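Single-letter residue listing:
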Amino acid sequence: MSFADLALPEQAVLILAALVLFTSFALLAQTRIVSSINVFAWQGALVAAATALVAFVYAQHHLYFSALMTFALKALLIPTMLHRLVVRLKITREIETVVNPALVLLGAAGLVVFSYYVALPVERLSTLATRNTIAVSMAVVLLGMLMMVARHQAVTQVVGFMSMENGLFFAAVVSTHGMPLVVELGIAFDVLVASVLFGVFFFQIRESFESLDVDRLNRLAEREESGGDEAS
Amino acid sequence: MADQLILEWLLALLQTLLFAAGAPLFAGWVKRLKCGLQNRRGPSLLQPYRDLWKLMRKQVVLAEEASPLFRAAPYVVFAATALAASTIPLIAVHLPTGAIADVIVLVGFLGLARFFMALAAMDVGTAFGGMGASREMTVSSLAEPAMLMAIFTLTMTAHSTNLSHAMDQLIADGLVLRPSFMFALMGLLLVALAECGRIPVDNPATHLELTMIHEAMLLEYSGRHLALMEWAAQLKLAIYAVLIANIFIPWGVATRLTPDYLAMGLLAIVAKLALLGMALALAETVLAKMRLFRVPAFLNLAFLLALLGMLSHVILEVGA
Amino acid sequence: MLPVHVAVLCSFLSAFAALGANRHPALLARLAFPLLGLAGLAAAYAGLDTLLHGRVLTLVLPLGLPWLHWQMYLDPLAGVFLAIIGTVLVAVSLYGPGYVREYRPKRDSLAALGGFTGLFVVGMLLVVVAGDAFMFMVAWELMSLSSYFLVAFQHEHAANRRAAFLYLLMAHAGGLLILFAYGVLAAHAGGFSFAAMRAASIPAPWASVAFALAFVGFGMKAGLVPLHAWLPEAHPVAPSHVSALMSGVMLKVAVYGFVRVAFDLLGHQIQAGWGISALLVGSITALLGVLYASVQSDLKRLLAYSSIENVGMIFIALGLALLFLGTGHATLGYLALVAGLYHACNHALFKGLLFLGAGAVLQQSHERDLERMGGLLRRMPWTGLMMLVGCLSIASLPPFNGFVSEWLTLQAALQGVVLDNGVLRILVPIAAAMLALTAALAAATFVKAYGVAFLGQPRGRHVRHAREADRGMRGAMALLALLCLALGVLPTWFIGLLDAVPRSLFGTGLPFAVAEGWLWLTPSGAARASYSAPLVLLAIGLAWLVAWLVLHPHRGQAVRRGAPWDCGFGPLNSRMQYTAAAFAMPIRRIFRPVWRIDEQLERTVDSASGRVTGLRHSLTIGDRAWTLLYEPLGRWVLLAARRVSRMQTGNIRGYLAYSFFTLLFLLWLIS
C-alpha cells in the first residue's frame, strides 16, 4: 500500500507528525529564550491537533479529552507560566549562544536516523496506519534530551525537558492510541508540578550564582575542594 | 505519427518562446506588488519590456581590457537559461524537451550560466566584479546540496527525474498531503530566494556596490549585453517560480495537446504565477536583507528542511 | 596482444634513447618523445580494440622466476585503463618537446628526465596488463621508483627533496599493504595468478581482510583522505608533463588496482559493508579535497588537491557499485561501476589538460602563484581557450564530459530507494548531496583559478610579457580538449564501449543505457531519466546563433571602449583586483574548522600622525591531516625506534651474548 492510498486525514496526521519533528529542530536552533517558549507552545498545539485527528480517524473518543488536556496544558498553561517566570527573572531579552549550531543540527539529524533504525522492528509489528510516526515520536524524545545537553540556560533546559514529555505523549498516541486516562492525568500533573518547582529553583539558583547558566553549578564542586578560598 | 512529433516539437518551441517572453512580465508583476505594499505607485507591468527594448538599441561600451569572453558571456548565459526554461512543463506536460534534459541537467544549465557570469565579472579586473563572483559562487555552492536534496525527495516519490514523467505521476496520484513535499517546498522556496538573488539574500534593487551579489557581476555590462543578462535573470526567477508552482500544485497543466486543455494550462500557470508573485513580494517586503555571513545559516536551514523532507519520505511515506 | 608489446617496447626504447640526452638534447625531442607517442597510440589502440570486441586475452611470458612465469591478462577492464594511459601519453608526447626546452642540460639531467619517464610508462603499462600478483608488484615498484626520481627531478630545492621522500615512503607503505592483500588472496587460491584467485572461494572474513588491505593500499596511492598527504607535495614539484602523467594516469592505475581486486578477484563475494566504507571514505575525500583546493593560491597545488577530490568522486561511484552488487541489485551496480570508470576517463582527460596548461603558463611566465598571474587570456589565447574547456569540464557543466559522469553517479544514487535497509536508503541521498556540494565548490574553485590566472589584469612583470606556447604544446592541449568535448557530447557511444567491462566481469551489462539510440542516454530506461547531449549542444548553439543574429547591429555601430567603473576614485591598477585569497575568503570563513589557518595582519603605524602607512597580510593554510595523523605517527615511530636502538649497546660482550643466545635457541629448535 503506497502513501497515496492513505485517506486524507491519515495523511494529515503524518504531516502534523513531521511538523512536530520540525519544531523539535527549531527548538534546538533557537537562541532567544522567549522564542523557544513560543515554539514549544506551537509544538504542544501540533501534538494536540494530531491527537484530535487520530481520535477522529479511529473513533477513539477518549483521545479528544487527551487532546484538549494537552492543548490546555502544553500550549496554554505551561508556556504562560514560563513566560511569567521569564519576566520575573528579567531575562526576556537574553540570548543564549549556541555553540556550533550546524554541528548540533547535524547531530539531531543523525539522532532521527538512529531512532528510525531503532524503531523499525517495532513499526513492523504495529498494524496502524500511523505506525510510521513511532520513529518520529522517539526522535522528538531524543531531540528533547539533546536540547537539555546542548543548552546551558536553565529555562531552555526546562523547555527541552517538556518537549521530551511531548514526544512521549505523542508516541503513546500513535503507537497504541493513547495511554490509560489515569496514567495520562498523572503524567500531566507531574509536569505541572515540575514547572512550578522549577520556578522556585530558578530563583534560588539566580540568588546563589547571579546567573541562570547551569554550567556555573560546577562551582559547587570547587567550593567543596578548595574549602574557602574560591573566587566567585 | 511524424506530424504528431512535429506538432510536439513546435509546441515545445512555442512554449519556450512564451516562457522567455513572459519572464519580464512576472518580474514586473512582482515589482509592482512590492511598490504597492510599500505604499508607492509602481511602474506599469510592461516596464521591464520597455527597459529591455531600450537597452537593446543602445550602444555597447566595453572596458578597455575586456576579452572576447566578456563579449560572449551574455549569449552563453542567455542560451543556457533559455534551454533550462525549455525543459520545464509550462503549459503542457508531454513535450519532448523534457526528454532532452531532466531536472539534474536543468541545475547543470543554471550552473553553466552562473559560471560564465562569474568569469565575465572577473574579466574586467575591477574589485566589484571579483567580489560579486566570489559571493555568488559561495552562495550557490551552499544552495546546491539543499536544491539537490529537495529534488531527490521529489524524484524518490515520482520515480523519475524527467520532469514530464514526474508531473504525470503526481497528477495521477491526485491530492496527496505528503510531509516530504511540504518540507521540500519550504526548502526549495528558500533556495529559490538565494539563487535568484532576492531579499533576504541579495537586494535586486540596490545601488550600493558593497551590498551587491548579482548586480556586482553585471556592473560593466551595457547595451544589448546588459539586456541579455537582465533578461536571463528574469528568466531564472520565472524558472524557479514555474518549477515550484507546477511540481507542488500540478493540477491544471495540460495532459493532452488539445486547444481547450492548452488554454486551461495557460490560465492555470498564469494564476499560479500571480499567486507566487504575491507571496514573493510579501516576503521581500517583510524580510530584511541579511549580511553575507548570515546567508550560510539561511542555506543551512534550507538544507535542513530538504533533509527533513527526505527523512520524512523514507520514514513516514515508504511502506505506509 | 601485439599492440601492448609494441607500447611497452617503444617506452623502453624511449627510455634508452633519452640516455644520450645530456650530450644531445635534441634526442629528447626527436626520438624519445615520438617513441612515447607511438607507445601511446599503440596502447590506446589496444585498449579501444579490447573494449570494442569485449575480448579477453592471456599470455604467459618467459620472464619472472622459473617456476612462476609472468602472465599477461588483457580484458576490457584493463582495456579502459590502457586507453587512458595511451591517450594522455600521446598528448604528453606532443607537449614534451616544447616543454623540456626550459631545462638546461648543465643544471638538470635531461637523460634522467627522459629515461625515468619511459620507465614510468613501462611500469604503468605492465601494471594494467598484469595477470598475476608477482608481475603486478614488480611493475608497481617500477612505477613508484621511477616516478620518485621524476618528483625529485629538481632536487636542488630542499622542499622538493622532502616531497619526494614523503612520496617514496607512502608509495612503499601502500605497496606493502597491496602485497599483503595479494598474500591473503594467494594463500586461499594456492597460487599467485589472477585466474587462480578469481576461481578460489575465500571465507568471508578473509575476503574482508583482503578488501581492507587492498582498499587502504590502493587508496594510499590514489590519494584518499587521510592518506593523501604526499599528493599535494609531490605533484606540484614534478615537471608539468610528468604531473599530468601522475595526476591523470597514475592515480587511475591505482583505481584500476582497486577495481581489479574488489570487482574481479573478489567479484563473486562482494559484501555490502565494503560499499558503505568506500562510499563514506569517498565522500569525505571528495569534500575535503575540494575544500583544500578552493583555498590554494599555488596553481599546481590547487590542481593536486582537485585530483584528490575527483578520486573521491570515483570512489563514491565505486562504493555505490559495491553496495548495489552486495545487496543483489546487479544492474544498478553495473551502472555505478560504469559511472565510476567514466569519471576515471574524464578525470584523466581534463586533469591532464589542466596540468599541461599550467605547465604552459609556468613556462611562459615562470609563475606558479596565482597571486602573480592575470590577464593571460589575451597573451595566450589558445592556451586560455583550452584551459577554459578544462575548467568547464572539471566543474561538471554541460555539455562537457565531467557533467556526464556526475549525472550518471547521481542517477545511480537516486535509485538507492530500492535498498532494503532503511538507514542505507537515507545515507545514499546524503552522500549524493555531498557530491553535489563538492561539484558546486569545484565550480567555485575553478572560477577562481581561471578568473585570477587568465582574466583581469596582469599582476606581475613576467606575466605581462608572456607569449603563447608553441605548436606542440597547443596541439596536445587541443587534443585533450576535443576529447573532453567528444566524451561529453557522445556519451552513448562511450558507454557502449564501457559496457564491455561489466559484461566481461559479470556476464551482463546495461541493457537500457543506449536502448533509445545514439542520441539519448537512458541509464535506467527512458521513463526514469534521459539526457541527450548532442541535442543540448545543438540547442545551445542555436540559441546563441539566434540571439546573435537578432541582436548584433548590422548598421556597423561600433562598440565603444572606455574605462571600467572605478567609483570615482581614479584609475584602477592591477593591485585593486580581487586576489585568489580574497576570492576564497567567504569559503574560508564558512568552513573555517577544516583547515589550519594562520592569518596575520601587520600594520605599520606612523607614530607622529597615528596614520597607518603600511599593511602586511600573510596567510598560511595547513593540512589538518598532518597534525592529526602524520605527526603523531612520526613521533611514535621515532619513539619506538629509540626504544629498539637501545639494543645497540656498543658493548662487544653484549653482541657476543646476542650471538650466543641465538645459537642456543636454534640448537634447541632443531632438537
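Quick caveat: nothing in here was measured; it's all calculated off a predicted structure.

> Which parts of the structure should I look at to understand the overall build of chain C?
When its secondary structure is counted, chain C shows 26 helices and five strands. A globule of 671 residues ought to have a C-alpha radius of gyration of about 26 Å, and chain C, at 27 Å, matches this closely. The principal-axis extents of the C-alpha atoms in chain C amount to approximately 100 × 70 × 60 Å. Within chain C, buried positions represent 58% of all 671 residues.

> Teacher, can you tell me more about the overall build of chain A here?
If you tally the helices and strands in chain A, you get eight helices and zero strands. N-terminal to C-terminal, the α/β element order of chain A is α-α-α-α-α-α-α-α. Computed over its C-alpha atoms, the radius of gyration of chain A comes to 19 Å, within 12% of the 17 Å expected for a compact globule of 232 residues. In terms of its C-alpha atoms, chain A occupies a principal-axis envelope of roughly 70 × 35 × 30 Å.

> Please clarify how the interface of chain C and chain B should be interpreted in this entry.
Facing 78 residues of chain C, the contacting portion of chain B comprises 75 residues. The tally of links from chain C across to chain B stands at zero salt bridges. At the level of secondary structure, the elements contributing two or more residues to the side of chain C that touches chain B comprise α14 (376-379), α15 (381-394), α16 (401-414), α17 (422-454), α22 (533-551), β3 (560-562), α23 (580-583) and α24 (585-590) of chain C. Of the residues forming the side of chain C that touches chain B, the biggest block, 19 residues, is contributed by α17 of chain C. Looking at the side of chain C that touches chain B residue by residue, the classes come out as 61 nonpolar, 11 polar and six charged. Pairing between strand β1 (residues 61-63) of chain B and β3 of chain C: three bridges, direction parallel. Note that in β3 of chain C the partner of Ala 63 of chain B across the bridge is Gly 562 of chain C.

> Just checking my understanding: could you explain the interface of chain B and chain A for this structure?
Quite often, the size of an interface is put as the accessible area lost when its parts meet. Across the boundary between the two partners, chain B contributes 22 residues, which contact 25 residues of chain A. Each partner contributes to the roughly 2100 Å² buried at the junction of chain B and chain A, and carbon and sulfur atoms together form 78% of this total. Summed over the shared surface of chain B and chain A, the result is zero salt bridges. Linking chain B with chain A are one residue pair in polar contact (both at pLDDT 80 or more). Those elements that provide at least two residues to the side of chain B that touches chain A are α8 (179-195) and α12 (295-317) of chain B. The element contributing the most residues to the side of chain B that touches chain A is α12 of chain B, with 11 residues. Class assignment for the residues of the side of chain B that touches chain A results in 16 nonpolar, three polar and three charged.

> Would you take a moment to explain the packing of aromatic side chains for this structure?
Aromatic ring pairs are defined here through the distance separating the ring centres and the angle between the ring planes. Residues and elements named next belong to chain C. Taken as a whole and assessed by the stated rule, the structure comprises 37 aromatic pairs over all chains. Seen from their ring centres, Phe 136 and Tyr 182 are 5.2 Å apart, and the 70° between their planes marks the pair as edge-to-face. Of this pair, Phe 136 sits in helix α5 (residues 133-151) while Tyr 182 sits in helix α6 (residues 158-189), placing them 46 residues apart in sequence. Taking the relative accessible area as the measure of exposure, Phe 136 reaches 0% and is therefore buried. The buried category is assigned to Tyr 182, whose relative accessible area is 1%. Relative to Trp 595, the ring of Tyr 292 has its centre 6.5 Å away and its plane inclined at 85°; by these criteria the two rings are edge-to-face.

> How should I be thinking about the pattern of salt bridges in this particular structure?
Pairing of side chains with opposite charge becomes possible as their charged atoms draw close. All names here are of chain B. All told, the structure shown has 16 salt bridges over all chains when counted by the stated rule. Across the pair Arg 114 and Glu 195 runs a salt bridge, and its minimum N-O distance is 2.8 Å. Residue Arg 114 is located in helix α5 (residues 103-123), and its partner Glu 195 is located in helix α8; the two are separated by 81 residues in the primary sequence. Among the charged side chains, a network of salt bridges with common partners joins Arg 114, Glu 144, Glu 195 and Lys 236.

> I keep staring at unusual backbone geometry and nothing clicks. Help me out?
In most cases, non-glycine residues show a negative phi, while peptide bonds are predominantly trans. The peptide bond linking Ile 199 of chain B to Pro 200 of chain B adopts the cis configuration, its omega dihedral lying at 10°. Structurally, Pro 200 of chain B is set in the loop between α8 and α9 (214-217). Note the cis peptide between Pro 398 of chain C and Pro 399 of chain C, where omega equals -5°. Mapping Pro 399 of chain C onto the fold places it in the loop between α15 and α16. We note that Asn 39 of chain B has phi near 65°; this positive angle belongs to a residue other than glycine. Positionally, Asn 39 of chain B belongs in the loop between α1 (2-37) and α2 (47-57). The backbone of His 159 of chain B sits at a positive phi, close to 60°, despite the residue not being glycine. The residue His 159 of chain B is located in the loop between α6 (127-158) and α7 (163-173) in this model.

> I keep staring at the side chain of Gln 577 of chain C and nothing clicks. Help me out?
Tracing the backbone shows Gln 577 of chain C in the loop between β3 and α23. If we ignore the near neighbours within four places in the chain, the residues touching Gln 577 of chain C are Gly 125 of chain B together with Leu 455, Gly 456, Gln 457 and Arg 459 of chain C.

> I'm lost on helix α3 (residues 76-99) of chain C in this one. Help?
All names here are of chain C. Across its 24 residues, α3 extends 34 Å between first and last C-alpha, which sits within 8% of the 34 Å expected from 1.5 Å per residue. Where α3 bends most, the angle comes to about 25°, and this point is Ser 93, followed within four residues by the proline Pro 97. In terms of residue burial, α3 counts as a mostly covered element, since 21 of its 24 residues are buried.

> Whenever I open this one, the nonpolar core confuses me. Can you help?
The nonpolar side chains of a soluble globular protein tend to be buried, and buried together. In this structure, Phe 136, Tyr 182, Phe 263 and Tyr 450 of chain C are the most contacted members of the largest nonpolar core, which totals 441 residues. With 22 residues, helix α13 (residues 330-365) of chain C is the single largest residue contributor to this core. The contact partners of Tyr 450 of chain C, leaving out residues within four places of it in the chain, are Leu 69 and Leu 119 of chain B together with Leu 377, Gly 384, Leu 385, Met 387, Leu 388, Cys 391 and Leu 455 of chain C.

> Can you walk me through the side chain of Thr 206 of chain B in this structure?
Residues and elements named next belong to chain B. Here Thr 206 lies in the loop between α8 and α9. By relative accessible area, which is 11% here, Thr 206 ends up buried. Once you skip the residues sitting within four places of it in the chain, Thr 206 turns out to touch Thr 211 and Met 212.

> Whenever I open this one, the pairing of strand β1 (residues 57-65) of chain C confuses me. Can you help?
Put simply, side chains in a regular strand alternate between the two faces of the sheet. Residues and elements named next belong to chain C. With six bridges connecting them, β1 and strand β2 (residues 68-74) associate as antiparallel partners. Considered in β2, the bridge of Leu 59 is made with Met 72. Counting the residues in the hairpin turn of β1 and β2 gives two residues.

> Could you clarify how one ought to interpret the packing of α5 of chain B against helix α10 (residues 223-248) of chain B in this entry?
Geometry of a packed helix pair, given as the angle between the helix axes and the separation of the axes. Residues and elements named next belong to chain B. In the contact formed by α5 and α10, the axes pass within 12 Å of each other and the chain directions differ by 155°. With respect to each other, α5 and α10 are oriented roughly antiparallel. Relative to α10, α5 is oriented so that their crossing is left-handed. Contacts between α5 and α10 involve Leu 106, Leu 110, Arg 114 and Met 117 from the first element and Met 229, Lys 236, Ile 239 and Tyr 240 from the second. Taken together, the residues that form the contact of α5 with α10 break down as six nonpolar, no polar and two charged.

> I would appreciate a short explanation of helix α3 (residues 62-89) of chain A in the present structure.
Residues spaced three or four apart along an α-helix face the same direction, because each turn holds 3.6 residues. All names here are of chain A. Taking 1.5 Å of rise per residue, 28 residues should cover 40 Å, and α3 covers 39 Å from first to last C-alpha, within 8% of that figure. The sharpest bend along α3 comes to roughly 30°, located at Leu 73. Of the residues one or two after α3, Lys 90 is the one with positive phi, at around 60°.

> How should I be thinking about the environment of Met 290 of chain B in this particular structure?
Residue and element names in this part refer to chain B. Tracing the sequence through the fold places Met 290 in the loop between α11 (259-286) and α12. Using a relative accessible area of 18% as the deciding quantity, one classes Met 290 as buried. Here Met 290 is in contact with Pro 200, Val 201, Val 295 and Phe 298, once residues within four sequence places are set aside.

> Is there a simple way to think about a nonpolar patch on the surface in this case?
Judged by side-chain polarity, Leu 663, Phe 665, Leu 666, Leu 667, Trp 668, Leu 669 and Ile 670 of chain C come together as a nonpolar surface patch covering roughly 820 Å² of accessible area. Examined against the element boundaries, Leu 666 of chain C turns out to sit in helix α26 (residues 652-670).

> Just to check I follow, could you spell out the environment of Asn 651 of chain C for this structure?
One can find Asn 651 of chain C in the loop between α25 (624-645) and α26. As a C-alpha pair, Asn 651 of chain C and Asp 75 of chain C span 576 residues in sequence and 60 Å in three-dimensional space.

> How should I be thinking about the pairing of strand β5 (residues 612-622) of chain C in this particular structure?
Residue and element names in this part refer to chain C. Of the strand pairs in this sheet, strand β4 (residues 596-605) and β5 are connected by 10 bridges, and their pairing is antiparallel. Directly across from Gln 600, in β5, lies its bridge partner Ser 618. Two successive antiparallel strands, β4 and β5, enclose a turn made up of six residues, where Gly 610 displays a positive phi of approximately 80°.

About the criteria used
Residues numbered from 1 in each chain as written. Chains lettered and ligands numbered in written order. Predicted model: local features only at pLDDT ≥ 70, side-chain atom pairs only at ≥ 80, totals over all residues. Heavy atoms only, no water. Helix = DSSP H or I, 4+ residues; strand = E, 2+ residues; numbered from the N terminus. Rg over C-alpha atoms; globule rule 2.2 N^0.38 Å. Buried < 20%, exposed > 50% of the residue type's maximum accessible area, 1.4 Å probe, protein only. Contact = heavy atoms within 4.5 Å. Salt bridge = Lys/Arg side-chain N within 4 Å of Asp/Glu carboxyl O. Nonpolar A, V, L, I, M, F, W, Y, C, P; charged D, E, K, R; others polar. Pairing = 2+ DSSP bridges. Buried area = accessible area lost by both parts, 1.4 Å probe. Polar contact = N/O pair within 3.5 Å; in protein donor to acceptor, adjacent residues only side chain to side chain. Phe/Tyr/Trp six-rings, centres within 6.5 Å; stacked < 30°, edge-to-face > 60°. Expected span 1.5 Å × (residues − 1). Bend = angle between axes of the 7 residues up to and from the residue. Core = buried A, V, L, I, M, F, W, Y, C linked by side-chain atoms within 4.5 Å. Axes fitted to C-alpha atoms, helices over the stretch in contact; angles between N-to-C directions. Parallel < 35°, antiparallel > 145°, perpendicular 65-115°, else oblique. Left-handed = near helix turned anticlockwise from the far one by under 90°. Patch = residues over 30% accessible without salt bridge, like charges linked within 9 Å, V, L, I, M, F, W, Y side chains within 5 Å. Areas by Shrake-Rupley, 256 points an atom, 1.4 Å probe, with all protein chains shown as cover.

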